[in-house]
Amino acid sequence: MNLCAKDYGDSENFSLAFAEAVGKLKSGDVLSFENKEYHFYKDFSELREIHMSNTDSLRNPRKYFAMILENLEDVTIEGNGATFVIHGDICALGILGCKNIKLKDLTIRYFSPTAIEMKVKSILKKTAVFKVPDNTSYKISERKIEFYEKSPFSDRIYWDCTNDENSYNQVVHIGSNVFRVPNKKGVFKNYKSVKDLGNNEIEITYSHKPKLISDAVYVLTQNKNRNTSGVFVNESENISATRVNVNYLQGFGWLSQMCGDLSFEECNFVPDSNHHVSSFADLIHICSCKGKVRINKCLFEHPHDDAINIHGVFLRFKEKLDSKSAVFEFVHDQQGGYSAFHKGNKAKFYYRDSLEAILGDFTVKQAIDYIDGKSVSLTFEEELPEDIETTCDGESNIVVENKTYCPDVEISQCRFEAIPTRGILCTTSGRVRIFDNSFSHILMSHIYISNDANEWYESGPVRDMEIYSNSFFKDFDESYEKSDFPIIHIEPITLGGKIKAAVHRNIKIFSNNFENGSVYPIKAEGVENIGIYSNVFKGKSKVKLKHYTTQNERS
């Protein structure tokens, strides 16, 4: 059945109407929109207590959702060119416990992004004039600028921030060059007074001439609080996005967590014409998923963190309960709060100091989550490793990964541009193919392969990866920021920082075009059976390898 959005409410305030329409959906149905704007407001959004990986979720367990699809199967959201305009610092869309969901031909845009953009319009002696987007509200008092978004229905403030007090750093956008600067080099360095000039122009006077870049956009990031993700897909299977445009993502990015079989086809992650930022942090972030992840013919521009990050999670051993049971904990402060294991899943143990695997797979018989304690009690069918309680430098030396949730990955025919961090991060033991992509104006490594048991605890020893037929352009303007990162960087992170044995296996890098200038095209450590051949280098051609073996060395 085809359900028409216009039959459920006014597009000028579609929050409650969307919930009503979704409540009517049955298997095989299509919810069809028109080619116009549909507005969603925090006032009328659904509040849920739910946890999202890689965010400040445990500090913000309650989250608002503009739209929720929950426990649905075989449903299509047909946008027909519709734009969903989100008002407030909320998650635009939640897909929870669903199967076979298709999102097609729509745009997600935030009315007033929380990343505050201040364009340097002029600098004269000790005074600079900034222009902010027309839909950015602010008020000035006593040398302070309070930015905010306010409900049009009440006096409720959706979100607010003062000066750069909620930022760890600022991000500068100038053309295709995007880079971070510390606050001490940003808009409010040595400022004396602030004046509202009207027409969304702000004048700031400094104690001496500011060292700002003319015509650059300085962005106050609000990154002290990743309160949500922009789109959240949880415990769902076979979710596809086709010709979906994303102009901004609040809090983190498009996060898929504990899901299976995901696809993005012809999706554009680019800011709208009035803004320069496409995401508060990452764009596509995939944590502990299974099946296949396919990302094809997509465009990624101007996020404030990585374009694509695909990884699992290492939980650290905490306490042995009996010969088959133990408690494991999430370690990083942006992890935890969700179920990382289910009955029947296969688990794998690793030593933190080497990232060497312990022989054999372990089958989860029971998983009991302790959300507040950021931990889970796991009981296995098999006996625990004999040295489960071993330590290194006074810390537990054992971590566990959910081997079932390690997807195959295909990333092809995509373009990555204007990124202050990395293009692709990918750590998974599934089959990985990265090909026919183009990378430019990326400050750090274009492709980064880690596996980390000491800092972020983002897991994934590579077992079958091919990177081929890609074009890498190191064209970042170094007059703004030094960029000496290798184009492709393979860097396992162990407890103690030393590689003692091969961590990754079977990586091939071939038939790529590197215009890499003076930086290493490839730097790799801890790889068994790495093949690098038939690449074209324009610039430094030396490849830096450490603790590795090649196919020839093994034959």
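Placed above this text is the structure.
All of these numbers come straight from a predicted model, not from anything done at the bench. (Residues numbered from 1 in each chain as written. Predicted model: local features only at pLDDT ≥ 70, side-chain atom pairs only at ≥ 80, totals over all residues. Heavy atoms only, no water.)

Asker: Just give me the short version of the side chain of N177, but keep the residues and values in it.
Answerer: Summarising the element assignment, N177 is placed in strand β15 (residues 177-182). One polar contact links the side chain of N177 to the main-chain amide nitrogen of D477, over a distance of 2.9 Å. In contact with N177, other than residues within four places in its own chain, are V172, H441, D475, F476, D477 and Y480. (Helix = DSSP H or I, 4+ residues; strand = E, 2+ residues; numbered from the N terminus. Polar contact = N/O pair within 3.5 Å; in protein donor to acceptor, adjacent residues only side chain to side chain. Contact = heavy atoms within 4.5 Å.)

Asker: Describe the sheet that holds strand β18 (residues 217-220), listing the residues and the values that go with them.
Answerer: Judged by pairing direction, the sheet is antiparallel, and its 7 strands sit side by side in the order β15-β14-β18-β9-β10-β17-β16 without closing on themselves. Because the sheet does not close on itself, it has two edges, and the strands there are β15 and β16 (191-198). Strand-to-strand, the axes of this sheet are offset by a mean angle of 30°, without reference to chain direction. With 6 bridges connecting them, β16 and strand β17 (residues 201-206) associate as antiparallel partners. Of the residues in β17, the one forming a bridge with K195 is E203. (Pairing = 2+ DSSP bridges. Axes fitted to C-alpha atoms, helices over the stretch in contact; angles between N-to-C directions.)

Asker: How would you sum up helix α1 (residues 15-23)? Please name residues and give values.
Answerer: Regarding α1, the residues found buried are S15, A17, F18, A21 and V22. Each buried residue of α1 sits inside an arc of 160° when the element is viewed along its axis, so together they form one side. Among the exposed residues of α1, those oriented more than 90 degrees off its buried face are L16 and G23. (Buried < 20%, exposed > 50% of the residue type's maximum accessible area, 1.4 Å probe, protein only. Arc of directions from axis to C-beta.)

Asker: For the sheet that holds strand β13 (residues 157-162), give the residues involved together with the corresponding values.
Answerer: Backbone-to-backbone hydrogen bonds pair the strands of a sheet. The strands run either parallel or antiparallel. Ordered in space as β11-β12-β13, the 3 strands form an open sheet in which the pairing is antiparallel. At either end of the open sheet lies a strand with only one pairing partner, and these are β11 (137-141) and β13. Averaged over all pairs of adjacent strands, the angle between strand axes in this sheet comes to 25°, irrespective of strand direction. Strand direction decides the pairing type here: β11 and strand β12 (residues 144-150), joined by 5 bridges, are antiparallel. From the neighbouring strand, I140 faces β12, where its bridge partner is I145.

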